[in-house]
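As a plain string of letters, each chain reads:
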Amino acid sequence: MSTTTNGSGADTSTEQGALLDLIDDQKTAGPLLEVKDLKTYFDLEAGAVRAVDGVSFNLDRGKTLGVVGESGSGKTVLSRSIMGLVIAANVLRQGSVLYDGQELVGQNPKRLRRLWGREMAMVFQDPMTSLNPVVKIGRQLTEGLTKNLDMSKREAKELAIAGLRSVGIPSPERRFDEYPHQLSGGMRQRVGIAIALACGPKLLFADEPTTALDVTVQAQILDLLQQQQRERFMAMILVTHDLGVVANRADEIAVMYAGQVVEKAPAADLFAAVRMPYTEALLNSIPRLTDPSHTRLRAIGGRPPDLIHPPKGCRFSPRCPYAQDKCREEMPPLIEETPGHQFRCWFPVDVSVTVPTPAERPAVDHDAGSGRLDEPALKQTILEPPARKDD
Amino acid sequence: MAGSGTAHLRAPDAALLRVENLVVEYPSSRGARVHAVTDVSFDVLPGETLGLVGESGCGKSTTGKAVIQMPPPTAGKVLFDGIDLAATRGEELRKVRPRLQMIFQDPISSLNPRRRVRDIVAEPLVIWDEGSTDDRRKRVVEVLESVGLDPDASLNKRPHEFSGGQCQRICVARALVMDPKLIICDEPVSALDVSVQAQIINLLEDMKARYGLTLVFIAHDLAVVKNISDRIAVMYLGKLCEVGSPDAIYSSPAHHYTTALLDAIPEPDPTQRGREVPHLEGELPSPLDPPSGCRFRTRCPRAEEYCAQAEPELREVAPGQFVACHFPLVGTPVDVPATRADSAPIPAV
């Protein structure tokens, strides 16, 4: 019988009881994270901003959930709300977040703090601003190790240098004593990842980790995250605005719009059969290398709605090319037609019907409020008489 | 690999902009020099869009700024409409400026937050004392409409009341108001969401057609550059690697660096999951002390000893496709001299 450090054997009772009373290591079945109807509203003078408005999902151990949406869709607030980073007097946080069976909503910040770093950690978008410019990299790395894991300074330094090496930083011993400004953007993001991984979290939030980086460095950082995730059997929530980033790297993808999940499916299913017009529009707006140059991009007109006064009915309806009267009146429920594939639309994109639209509408109106697709859906799937799928 | 050479330049009188042997260097501490741009040449025909692509620090923005003489280059010629801007100073240079505009990466920080949109867009007209107040207002309304903003709703607002995409539209309007011939777009969509990015690219295409513009489009995303450009120049560490048509560069890249850039683009297609593409490793070497010979050799999978000795020059490997590489993916490799000859010229094209 082999006893691992985690004490998988029943007889090796937990030495670090204080640490592990939070998390029951035996319970490896069941999802690591269960989010149910999570709401996060910011109470401002102008009204309540519904940044996250009833989001539910499960995340299994070692899996990746990609959260995709435009700026202002609530995707960043979602991950911060799950972690409990947005607790303030004017924030209303409702619903349920079960981490390993433990309720996090309403939990007192002191107990939450014991989870941060050790159980869940975050890699932030901007490696320039998420590191403290006047503190050496080494100290920023060892802070968590000495405070959370009660390591001695020497142990922490050894582990931190090993951490820097594992994220691909050359000569980590030298970098340990350097300041953030002495590193390039890509290297800084590697440090950000090393800090997040230092205490061995089981759940990693990566909030647009590559948006501030070049494409070549982006590929390196995404590869690094994937490799670390595999090695540590860590679950990850990868937040991005680019469907291309999550396509090959997420097990499941949740598309967010105006604080809600509007489509959620395993990655392969989503790309094989997009049902929500918003997801389709997002996909269409990405320039493809396979298209000849000067291929007109199908941009989504307008911008995400005001979250204080979201539109009545479907929140995407003002920008949706397929919107009907019903869409403007009634909010569509999140329905699950095929197992695992949920979407929120009265008239979903039908994968079986492909009717190229004959008429080409003039694409002149770029007005922000007009809410039309820049270009008419040319070779797109279109529902003829809108036939409702369910019920 | 990155090299010099002018083989890719077209007839001098055909080009609206012709940059020859551009060098930009900055002094650094202890007498060292930053070699930001070293011996870069390119030209842009009227109505053409040239895409300038490369990683951060490759000198693409510096090149764009050197064209508009902000700051002027250390050496080289910048021929715009037959005038060498690099040799022009003061009032003469100022007179050329209205025909030469620039759009910047961060739309929000490139607009003065204290001023109203009407003043921001009208400022060039005021500086050049164009028309009466009434004419100016008409002109401002006209350009705002053409960039897709509602003049009535936006004239009296300030930049913070707009989203990033709308701010970029305001920047485009400001650039258009003087009716320029050439616009240098320095990463105009890098700070925007994909959905808004598509709007701005479409807008630039529309404006180009409507006002007969010539564009130099600088970006690090080859997919974006491919979409908008008629010709692409790939830069690496202050030098050009490859010049050619977007389709040629995509379907048969000749330079190993171009291939690496192409491989790095995330494709929205999960069927490629598990396909492990070896991504380009390491980072750009320091421009303070660039590698000898070909500048890409330190990261190149194909590099040989010869690459450290001789610098490759741009040569035509396929019709209209030029590459600065000793061992390109398209065309024939150069003959490596048997004996080492440090200053031996590269075999002619």
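Residues numbered from 1 in each chain as written. Chains lettered and ligands numbered in written order. Predicted model: local features only at pLDDT ≥ 70, side-chain atom pairs only at ≥ 80, totals over all residues.

1. Topic: the overall build of chain A
Part 1 of the argument: A count of helical and extended segments in chain A gives twelve helices and twelve strands.
Part 2 of the argument: Per-residue burial over chain A gives 47% buried out of 391 residues.
Part 3 of the argument: Put simply, of all contacts in chain A between residues at least 6 apart along the chain, 66% involve residues at least 24 apart. (Helix = DSSP H or I, 4+ residues; strand = E, 2+ residues; numbered from the N terminus. Buried ≥ 20, exposed ≤ 12 C-beta atoms within 10 Å, placed from the backbone. Contact = placed C-beta atoms within 7 Å.)

2. With respect to the interface of chain B and chain A
Part 1 of the argument: Contacts between the two partners involve 41 residues from chain B and, on the opposite side, 43 residues from chain A.
Part 2 of the argument: Put simply, the parts of the chain that give the side of chain B that touches chain A at least two residues each are helix H6 (164-176), helix H7 (194-211), helix H8 (222-228), helix H9 (246-251) and helix H10 (256-263) of chain B.
Part 3 of the argument: Take the side of chain B that touches chain A: its biggest share by element is eight residues, from H7 of chain B.

3. Description of the packing of H6 of chain B against H7 of chain B
Residues and elements named next belong to chain B.
Part 1 of the argument: One way to put it is that H6 packs onto H7 with a least axis distance of 10 Å and a crossing angle of 15°. Relative to H7, the element H6 lies roughly parallel. In terms of crossing hand, the pair formed by H6 and H7 is right-handed. Together, Gly164, Gly165, Gln168, Arg169, Val172 and Leu176 of H6 and Val196, Gln199, Ile200, Leu203, Met207 and Tyr211 of H7 make up the contact between the two elements.
Part 2 of the argument: Residues that form the contact of H6 with H7 fall into these classes: seven nonpolar, four polar and one charged. (Axes fitted to C-alpha atoms, helices over the stretch in contact; angles between N-to-C directions. Parallel < 35°, antiparallel > 145°, perpendicular 65-115°, else oblique. Left-handed = near helix turned anticlockwise from the far one by under 90°. Nonpolar A, V, L, I, M, F, W, Y, C, P; charged D, E, K, R; others polar.)

4. So, the confidence of the model for chain B
Part 1 of the argument: Confidence along chain B averages 89 in pLDDT terms, with 93% of residues attaining 70 or more.
Part 2 of the argument: Taken together, the chains of this predicted complex give a pTM of 0.82 and an interface ipTM of 0.81. (pLDDT = per-residue confidence, 0-100.)

5. A few points about the pairing of strand E10 (residues 260-266) of chain A
All names here are of chain A.
Part 1 of the argument: Judged by how many residues are buried, E10 sits mostly within the fold: six of seven residues are covered.
Part 2 of the argument: For strand E9 (residues 252-257) and E10, the ladder comprises six bridges, and the chain directions are antiparallel. Bridge assignment links Val255 to a residue of E10, and that residue is Glu263.
Part 3 of the argument: Hairpin connection from E9 to E10: two residues lie between these consecutive antiparallel strands, with Ala258 at a positive phi of about 50°.
Part 4 of the argument: Pairing analysis gives two bridges linking E10 to strand E12 (residues 341-343), with the strands arranged antiparallel. (Pairing = 2+ DSSP bridges.)

6. Here's the deal with the nonpolar core
Part 1 of the argument: In this structure, Val255 of chain A together with Val121, Phe217 and Val234 of chain B are the most contacted members of the largest nonpolar core, which totals 201 residues.
Part 2 of the argument: The greatest single-element share of this core, amounting to eight residues, is contributed by H7 of chain B.
Part 3 of the argument: Those residues in contact with Phe217 of chain B, other than ones at most four positions away along the chain, are Thr49, Leu50, Gly51, Leu52, Cys185, Val225, Ile228 and Ser229 of chain B. (Core = buried A, V, L, I, M, F, W, Y, C linked by C-beta atoms within 7 Å.)

7. Things to note about H7 of chain B
Residue and element names in this part refer to chain B.
Part 1 of the argument: In this model, H7 (18 residues) spans 25 Å end to end at C-alpha, consistent with the 26 Å of a helix rising 1.5 Å per residue.
Part 2 of the argument: For H7, the full list of buried residues reads Val194, Ser195, Val196, Gln197, Ala198, Gln199, Ile200, Ile201, Asn202, Leu203, Leu204 and Met207.
Part 3 of the argument: One or two residues past the end of H7 sits Gly212, with phi positive at roughly 60°. (Expected span 1.5 Å × (residues − 1).)

8. A word on the sheet that holds strand E10 (residues 239-244) of chain B
All names here are of chain B.
Part 1 of the argument: Read from one edge of the open sheet, eight strands run E6-E7-E8-E3-E9-E10-E12-E11, paired in mixed fashion. In this open sheet, the two strands that pair with only one neighbour each are strand E6 (100-103) and strand E11 (315-318). In this sheet, adjacent strand axes meet at a mean angle of 25° when their direction is disregarded.
Part 2 of the argument: Bridge count for strand E7 (residues 182-186) against strand E8 (residues 214-219) is five bridges, and the pairing is parallel. When the bridges of E8 are listed, Ile184 appears paired with Val216.
Part 3 of the argument: Contacts from H10 reach strand E3 (49-53), strand E9 (231-236) and E10, with the element oriented near 100° to E9.

9. Some thoughts on the sheet that holds strand E4 (residues 91-99) of chain A
Paired through their backbone hydrogen bonds, the strands of a sheet run either parallel or antiparallel.
All names here are of chain A.
Part 1 of the argument: Pairing within the open sheet is antiparallel, and its four strands lie in the order E2-E1-E4-E5. Looking along the sheet, the strands with just one partner apiece sit at the ends: strand E2 (47-59) and strand E5 (102-103).
Part 2 of the argument: Inspection of the sheet shows strand E1 (residues 33-44) paired to E4 by eight bridges, in the antiparallel sense. Residue pairing for E4: Tyr41 is matched across the bridge by Leu92.
Part 3 of the argument: Across the sheet, helix H2 (residues 75-83) is in contact with E1, E2 and E4; its angle to E2 comes to roughly 70°.

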